2 protein chains.
Amino acid sequence: MQVTFLGTSSGVPSRSRNVSAIALRLPQRADLWLFDCGEATQHQFLRSELRVSQLRRIFITHMHGDHVFGLPGLLASLGMAGTCQGVDLYGPTPLEPFVTGALQHSATRIGYPLRFHPVERAAADGTPLLQDGELTVTCAPLKHRVPAYGYRVQQCERPGRFDIAKARAMGLPPGPEFARLKAGETVTFADGRSVDGRSLCGPSQPGLSLVYCTDTVFSESAVALARGADLLIHEATFSHRDAGMAYQRQHSTSTMAAQTAAEAGVKQLAMTHLSPRYVPGAQESPDDLLQEARTIFSNTVLAKDFLSLEVGNQACNSL
Amino acid sequence: MQVTFLGTSSGVPSRSRNVSAIALRLPQRADLWLFDCGEATQHQFLRSELRVSQLRRIFITHMHGDHVFGLPGLLASLGMAGTCQGVDLYGPTPLEPFVTGALQHSATRIGYPLRFHPVERAAADGTPLLQDGELTVTCAPLKHRVPAYGYRVQQCERPGRFDIAKARAMGLPPGPEFARLKAGETVTFADGRSVDGRSLCGPSQPGLSLVYCTDTVFSESAVALARGADLLIHEATFSHRDAGMAYQRQHSTSTMAAQTAAEAGVKQLAMTHLSPRYVPGAQESPDDLLQEARTIFSNTVLAKDFLSLEVGNQACNSL
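Quantities reported herein were computed from a predicted structural model and do not represent experimental measurements. (Residues numbered from 1 in each chain as written. Chains lettered and ligands numbered in written order. Predicted model: local features only at pLDDT ≥ 70, side-chain atom pairs only at ≥ 80, totals over all residues. Heavy atoms only, no water.)

> Before we move on, can you summarise the overall build of chain A with the specific residues and values?
In terms of helices and strands, chain A carries eleven helices and 16 strands. The C-alpha atoms of chain A give 22 Å as radius of gyration, which agrees with the globular expectation for 319 residues (20 Å, within 12%). Reported as C-alpha extents along the three principal axes, the dimensions of chain A are approximately 75 × 50 × 40 Å. Residues classed as buried in chain A amount to 58% of the 319 residues present. Across chain A, the fraction of contacts at a sequence separation of at least 24, relative to all contacts at a separation of at least 6, is 62%. Accessible surface for chain A amounts to roughly 13200 Å². Of this, 51% is attributable to carbon and sulfur atoms. Within chain A, the 29 negative side-chain charges are centred at a point lying 4 Å from the centre of the 29 positive side-chain charges. (Helix = DSSP H or I, 4+ residues; strand = E, 2+ residues; numbered from the N terminus. Rg over C-alpha atoms; globule rule 2.2 N^0.38 Å. Buried < 20%, exposed > 50% of the residue type's maximum accessible area, 1.4 Å probe, protein only. Contact = heavy atoms within 4.5 Å. Areas by Shrake-Rupley, 256 points an atom, 1.4 Å probe, with all protein chains shown as cover. Lys, Arg positive; Asp, Glu negative; His and termini not counted. Charge placed at Lys NZ, Arg CZ, Asp CG, Glu CD.)

Structure, rendered in structure tokens:
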């Protein structure tokens, strides 16, 4: 799984950071998922190596404009390209009237199915939003001025390493049966032997996991959602010194993001959604927020537009 | 009056051209007007020297997404800046439910007044949309797949040159009375003399005029609206060879834009809203469209993002 940040500013775009959007490339399939879609997300796709034509699912954390105002244009452009097979949208209930209203008032006929999936119930009772055999997506309520939801993408447990030398030593004939043994199935061979694939595989590996939490002030629910994740992407709108504003506006400081990462025991934290007030040369810079976070959780990185992180490669990403 | 193109692509943004928006700087006041507001217009402001805080009026030609999807984000950002005194929006009737719907669903409170002015009646009966003593704005229906309107900004007639030498020769005392004489008023001086300012001014000058027509196939109504204008900005989505598509989609070719300019007797034509299919190196390039137009109307320029044109300086702008 590879994450690419397409927008890392909070509230308004700046010259160097667009408003929120994150693309997720999935392994071994040509699917692209999007988390949030601030204005000009389709423009950011044009500037990246990602192919918007591969977009299949969009997850929206909350309805504030800096997270959704790019949706009508992106969906309309997908329609004009004429190759989209359909898009599933997950988010708060007002997502559907917002999108359909914008498309109707602008007389936009997109020509492919849009399927809306309100997330409130799944967030309340913890049931998965999506399970496709390889990936499970769950969500949880955050703490913001409007209903907001964090998302967790969890890869299923992966079978352990197949011991090909042992299989050969047993005289098993190589072929399509090896793939079935590797997947843990029991296979009956031509000589009548029945072999349990699990006996030829090492211990199964936990799947990779990615958690995205924005917009929110520090929240125990975010800690629970992020438990043990390989990568936690968490908002850090304000510096520790501006914690007063963070509480007032229900956003996180750098230290709240780090505290969430530490309490959840994640492997890596990526901070995003920075206030445009923090720029190099200002009283506090993005680097100051990064240093604040690292005093609490050392494996922290600061997102910037077009940064890509490989989930499951968190040690390498740390500096 | 200075025009700056903020988006010159039709339908979808490209890497070099954003979707439609044009800013108009007005002489002798710190007001900025905007014509159309495609997605990421606020981002284009960030990349220009224009100050979005000076925005007072927005005129929308029609409701297609590439002309309006930048409005919610721009209005929200103006609200966050906290300095806006109010914005007047002119356009088709669905403009109001589109904007208010987007702001409501995203829980955006902008904190300044938005005043909506539907343009259908003014377009039908030719009455001005706006007259402020210096400028008159009129509009006219165009021919597109949805209701679309062209706009004309007409400066009022300007008084002729004040003959200061003649006033001095008459022994008139310089002072604030000179400004009144210059404006064509009759002034009574301390010595009892009553002087008609018009007798000291040369012949009055016609005001400058700017006309913006998009989206439309060739239309007599556009010709009438553009009559004698200093600058006509007209869409040219397609090349002459692609006229079939132009008629089918109710857009103009380069030659239709030039024909409108020639029939209306304008001083200069600027073509915008080019299909992204025309790029340098493709079968036909933007330069090909320009050459096609110039065979019909020689004083034609091709707009590109961030090009500025001074209205009333059309001879200089021609190459």
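> An account of the packing of helix 10 (residues 254–264) of chain A against helix 11 (residues 286–296) of chain A is requested, with residue identities and associated values reported.
Residue and element names in this part refer to chain A. Running from N to C, helix 10 and helix 11 point in directions that differ by 30°, and their axes come no closer than 8 Å. On the basis of the axis angle, helix 10 is roughly parallel to helix 11. By crossing handedness, the relation of helix 10 to helix 11 is classed as right-handed. In this structure, helix 10 uses Ser254, Thr255, Ala258, Gln259 and Ala262 to contact helix 11, whose residues at the interface are Leu289, Glu292, Ala293 and Ile296. (Axes fitted to C-alpha atoms, helices over the stretch in contact; angles between N-to-C directions. Parallel < 35°, antiparallel > 145°, perpendicular 65-115°, else oblique. Left-handed = near helix turned anticlockwise from the far one by under 90°.)

> For the domain arrangement of chain A, give the residues involved together with the corresponding values.
Its domain assignment divides chain A into domain 1 (2–158 + 206–318) and domain 2 (164–200). Just the C-alpha atoms count here: the centres of domain 1 of chain A and domain 2 of chain A sit 43 Å apart. (Domains from an automatic or database assignment.)

> With reference to specific residues and values, describe the relation of the copies chain B and chain A.
With an RMSD of 0.2 Å, chain B superimposes on chain A once it is rotated by 180° and translated 0.0 Å along the axis. This pairing of chains is accounted for by a two-fold axis. For chain B, the minimum C-alpha distance to the rotation axis belongs to B:Ala40 and amounts to 2.7 Å. Both copies share a contact surface, since 100% of the interface residues of chain B are interface residues in chain A too. (Least-squares fit on C-alpha atoms with pLDDT ≥ 70 in both.)

> Give a description of the side chain of B:Gln44 that names residues and reports values.
Position of B:Gln44 among the secondary structure elements: in helix 1 (residues 41–47). Excluding its chain neighbours within four sequence positions, the residues that come into contact with B:Gln44 are B:Leu6, B:Asn18, B:Asp305 and B:Phe306.

> Give me the sheet that holds strand 16 (residues 308–310) of chain B: which residues, what numbers.
Residues and elements named next belong to chain B. Read from one edge to the other, the open sheet built from seven strands follows the order 6-5-4-3-2-1-16, with strand pairing classed as mixed. Each edge of the open sheet carries a strand with a single partner, namely strand 6 (114–118) and strand 16. The average angle at which neighbouring strand axes cross in this sheet is 20°, direction not considered. Pairing of strand 2 (residues 21–25) with strand 3 (residues 32–35) involves four bridges; the strand directions are antiparallel. Its bridge partner lying in strand 3, Leu24 is registered against Trp33. Across the sheet, helix 4 (residues 95–105) lies against strand 5 (87–91) and strand 6, angled at about 155° from strand 6, the strand it touches most. (Pairing = 2+ DSSP bridges.)

> Could you give an account of the sheet that holds strand 15 (residues 300–302) of chain B, naming the residues involved and the relevant values?
All names here are of chain B. Pairing is mixed across the open sheet formed by seven strands, whose spatial order is 7-8-9-12-13-14-15. Because the sheet does not close on itself, it has two edges, and the strands there are strand 7 (130–131) and strand 15. Alignment of strand 7 against strand 8 (residues 135–141), held across two bridges, turns out to be antiparallel. Bridged to Gln131 within strand 8 is Thr136. Across the sheet, helix 11 (residues 286–294) is in contact with strand 14 (268–272) and strand 15; its angle to strand 15 comes to roughly 170°.

> Describe helix 3 (residues 71–81) of chain B, naming the residues involved and giving the relevant values.
Residues and elements named next belong to chain B. The buried fraction of helix 3 is high, at nine of eleven residues. Every buried residue belonging to helix 3 is among Leu71, Pro72, Gly73, Leu74, Leu75, Ala76, Ser77, Leu78 and Gly79, and all of these are buried. A positive phi of about 80° marks Gly82, the residue just after helix 3.

> So what about the pairing of strand 12 (residues 209–213) of chain A? Which residues, and what values?
Residue and element names in this part refer to chain A. Counting buried residues along strand 12, five of its five residues qualify, which places the element largely inside the surrounding structure. Burial along strand 12 is two-sided: the residues Ser209, Val211 and Cys213 and Leu210 and Tyr212 are all buried. In this sheet, strand 12 lies alongside strand 9 (residues 149–155) in antiparallel orientation, the contact comprising four bridges. Residue pairing in the sheet places Val153 in a bridge with Leu210 of strand 12. Of the pairings in the sheet, the one linking strand 12 to strand 13 (residues 231–235) comprises four bridges and is parallel in character. Within strand 13, the residue paired with Val211 across the bridge is Leu232. This β-α-β element, strand 12 to helix 8 (residues 220–226) to strand 13, shows right-handed connectivity. (Right-handed = clockwise from strand over helix to strand, strands pointing away.)

> Could you give an account of the packing of aromatic side chains, with specific residues and numbers?
Tallied over the full model, the rule gives 16 aromatic pairs over all chains. Both rings, one in B:Phe59 and one in B:Tyr90, keep their centres 4.5 Å apart while their planes meet at 15°; by these two values the pair is stacked. Placement of B:Phe59 in strand 4 (residues 55–59) and of B:Tyr90 in strand 5 is noted, with a sequence separation of 31 residues between them. Overall, the relative accessible area of 2% leaves B:Tyr90 in the buried class. Ring geometry for B:Phe69 against B:Phe98: centres 6.0 Å apart, planes inclined by 35°, an arrangement best described as tilted. Here B:Phe98 lies in helix 4 and B:Phe69 lies in the loop between helix 2 (65–68) and helix 3, a separation of 29 residues in the sequence. Three or more aromatic residues joined by ring pairs make a cluster, and in this case those are A:Trp33, A:Phe35, A:Phe59, A:Tyr90, A:Tyr151 and A:Tyr212. (Phe/Tyr/Trp six-rings, centres within 6.5 Å; stacked < 30°, edge-to-face > 60°.)

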